[in-house]
Amino acid sequence: LVPRTDCEPDYEEPAGQWLDEVSAALGAPSGPGPSRPGSSVAAPPPVVPSGTGRSPRSATTGRLVGNKLLSLPGATKEVRRFTFDTRDSAVPLTYEAGDALGVEARNCPALVAEWLAVTGLDPEGPVDVSGAGTVPLGEALHRHLDIARITPGLLRLVAERTHDRTLRKLLRPDNKGELAQYTWGRQAVDVISEHSARATAAEWAGALTRLRPRLYSISSSPLTDPGLVDLTVSVVRYENRHGAVRKGVASTFLADAEAGSPVPVFVQRAPHFRPPADPATPMVMVGPGTGVAPFVGFLDERRALGHRAANWLFFGEQRSATDFYYREELDSLRRDGTLTRLDTAFSRDQRAKIYVQDRMREHGAQLWSWLQEGAHFYVCGDASRMAKDVDRALRDIAVAHGGLQEDAATAYVEQLAADKRYVRDVY
């Protein structure tokens, strides 16, 4: 009836527009929007973060006691291991291997200052923020509003004030590709600056969404130390087309924080994503890049429990010399027999790029044997390409080494997922 709409956690507005288009295509009057009663798409309660499940979260405070750079000089990425100490928190923080940690970040003070300079507004001027009440504009920009992401509401406001035809064209439903290309490398303040848009504090606040928590896979097991929680985070820093430095909101909030800084955190449960409970069940893990995060916790958990089943990890990144995260920890796990096998794919270490799915196919016969022996298969990392390529490789292995036809291989992989032996944590 209408083109598909892909939504981020702030889905209310695009979902509402999509429902209106569906209603129009059916010749029916426009129905209520997704945040209003009677809608088929209900807005989540404000206490629920993005991510798995709908359970209310209980926030606590963790002290940032560890900030270790995992990538080495010469790497094109900045990847860090953050450690939080929650032992002195008023609200105990409990988690299991496989869960995610939510981080309630704050916007960079330099970006807030740039916003105020570009808009020419008074930081002490009052503004109403949903869920926070009336607060000074400077506080709203720092603590409550997502001032980095370019939202349709922001583009619409700028287009209305400047009568810019290009921006109006980008907002058309059939221009998702052009919109993605336009927003790549830009943040909201860049749009305002480039178009010299003017609006009141209330209008800007209305065009922005709430600053949401960021979720990161936990890289530790509570059996090692229940009061410490580790994360593996790729820190985002880049220059926009005008040479201004831009940062990822949460990743640089953590990377640039002083040692011992208090950080509001909470646990997001992932009951579907756990290491095998049976100590005799083998485990195959595919975690390129920061996707290795939960599997460090899985392996620590199995070692702490004394589980002696075989464990196989596929890890990939760009270069072995600079991007082999947790090399020492993985070597230790191999020496003590917890990690049975480690296969790596460093894509830039040779002329022809090699990825984790290529390593899977190389060792397809043995991987198929592990699956036939009851191994659980886990994937963590990029959903847009890697997870799809790994899924395709898994089906190809079922054809090549299981003797299955294409349809039967698809059914086999789907049955693995139904039996909770093939689980993914992708984003």
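Placed above this text is the structure.
The following paragraphs examine the structure supplied in this document. (Residues numbered from 1 in each chain as written. Predicted model: local features only at pLDDT ≥ 70, side-chain atom pairs only at ≥ 80, totals over all residues. Heavy atoms only, no water.)

Regarding the overall build of the protein
In plain terms, the rule: The numbering of helices and of strands both runs from the N terminus, where a helix is a DSSP run of H or I of at least 4 residues and a strand a run of E of at least 2. To get the radius of gyration, use the C-alpha atoms; to get the globule rule, take the number of residues to the power 0.38 and multiply by 2.2 Å. For every residue, the accessible area (1.4 Å probe, protein chains only) is compared with the maximum for its type, and the residue is labelled buried under 20%, exposed over 50%, or partly exposed between those bounds. For this analysis, residues touch if any pair of their heavy atoms sits within 4.5 Å. Method for areas: the Shrake-Rupley scheme with a 1.4 Å probe, in which residue coverage is limited to the protein chains shown.
Counting secondary structure elements, the protein contains 16 helices and 15 strands. Rg of the C-alpha trace for the protein: 24 Å, near the compact-globule value of 22 Å for 427 residues, within the 12% margin. When the 427 residues of the protein are sorted by exposure, 48% land in the buried category. Once local pairs closer than 6 in sequence are excluded, the contacts in the protein between residues at least 24 apart make up 71%. Put simply, the protein shows about 20,400 Å² of open surface, and 52% of that area lies on carbon and sulfur atoms.

A short note on the environment of Gly 74
The topology assignment puts Gly 74 in the loop between strand E1 (60–69) and strand E2 (78–85). Along the sequence, Gly 74 and Thr 322 sit 248 residues apart, while their C-alpha atoms lie 6.5 Å from each other.

Focus: the nonpolar core
Here is the rule: To qualify as a nonpolar core, a set must consist of buried Ala, Val, Leu, Ile, Met, Phe, Trp, Tyr and Cys residues joined through side-chain atoms within 4.5 Å.
In this structure, Trp 115, Leu 141, Leu 145, Ile 147, Leu 154 and Trp 204 are the most contacted members of the largest nonpolar core, which totals 33 residues. Taken together, the elements giving at least two residues each to this core come down to helix H2 (109–119), strand E4 (126–129), helix H3 (137–144), helix H4 (152–162), helix H5 (165–170), helix H7 (188–195) and helix H8 (201–207). With 26 residues, the next largest nonpolar core counts Trp 312, Phe 314, Ala 393 and Tyr 412 among its residues.

A closer look at H4
Among all positions in H4, only Gly 153, Leu 154, Leu 155, Leu 157, Val 158 and Ala 159 are buried. Its buried side turned inward, H4 meets helix H1 (12–25), H2, H5, helix H6 (176–183), H7 and H8. Looking one or two residues past H4, His 163 carries a phi angle of roughly 55°, positive in sign.

Examining the pairing of strand E11 (residues 283–286)
Let me state the cut-off plainly: Think of it this way: DSSP has to see at least two bridges between two strands before they count as a pair. Here a crossover is taken to be right-handed if, once the strands point away from the viewer, the path from the first strand over the helix to the second is traced clockwise.
Covered by surrounding structure in E11 are Met 283 and Met 285 together with Val 284 and Val 286, the residues of both alternating faces. Across four bridges, E11 lies against strand E12 (residues 311–317) in parallel orientation. Residue pairing across strands places Met 283 opposite Asn 311, the latter belonging to E12. Between E11 and its parallel partner E12, the chain crosses via helix H10 (residues 293–305), and the hand of that crossover is right-handed.

A short note on the side chain of Ser 221
Mapping Ser 221 onto the fold places it in the loop between strand E6 (214–217) and strand E7 (228–235). Its relative accessible area of 1% is what places Ser 221 among the buried residues. Other than its neighbours up to four places away in sequence, Ser 221 contacts Tyr 95, Gly 297, Asp 300 and Glu 301.

Considering the sheet that holds E11
Rule in force here: Angular values range over 0 to 180 degrees, each being the angle between N-to-C directions of two axes fitted as lines to C-alpha atoms, with helices fitted over their stretch in contact.
Here we have five strands laid out as an open sheet, ordered E13-E12-E11-E14-E15, and parallel in their pairing. Each edge of the open sheet is held by one strand with a lone partner, namely strand E13 (341–346) and strand E15 (422–426). Taking each pair of neighbouring strands and ignoring which way they run, the sheet shows an average axis angle of 10°.

Remarks on the side chain of Thr 83
Note the following rule: Identification of polar contacts relies on pairs of N or O atoms within 3.5 Å, with a donor-acceptor requirement for protein atoms, meaning one able to donate a hydrogen and the other able to accept it, and with residues adjacent in sequence counted only if both atoms are side-chain atoms.
Its location among the elements puts Thr 83 in strand E2. Judged by relative accessible area, which is 16%, Thr 83 ranks as buried. At a separation of 2.7 Å, a polar atom in the side chain of Thr 83 contacts the side chain of Asp 230. Residues within four places of Thr 83 in sequence aside, it is in contact with Arg 63, Leu 64, Val 65, Gly 66, Leu 228, Val 229 and Asp 230.

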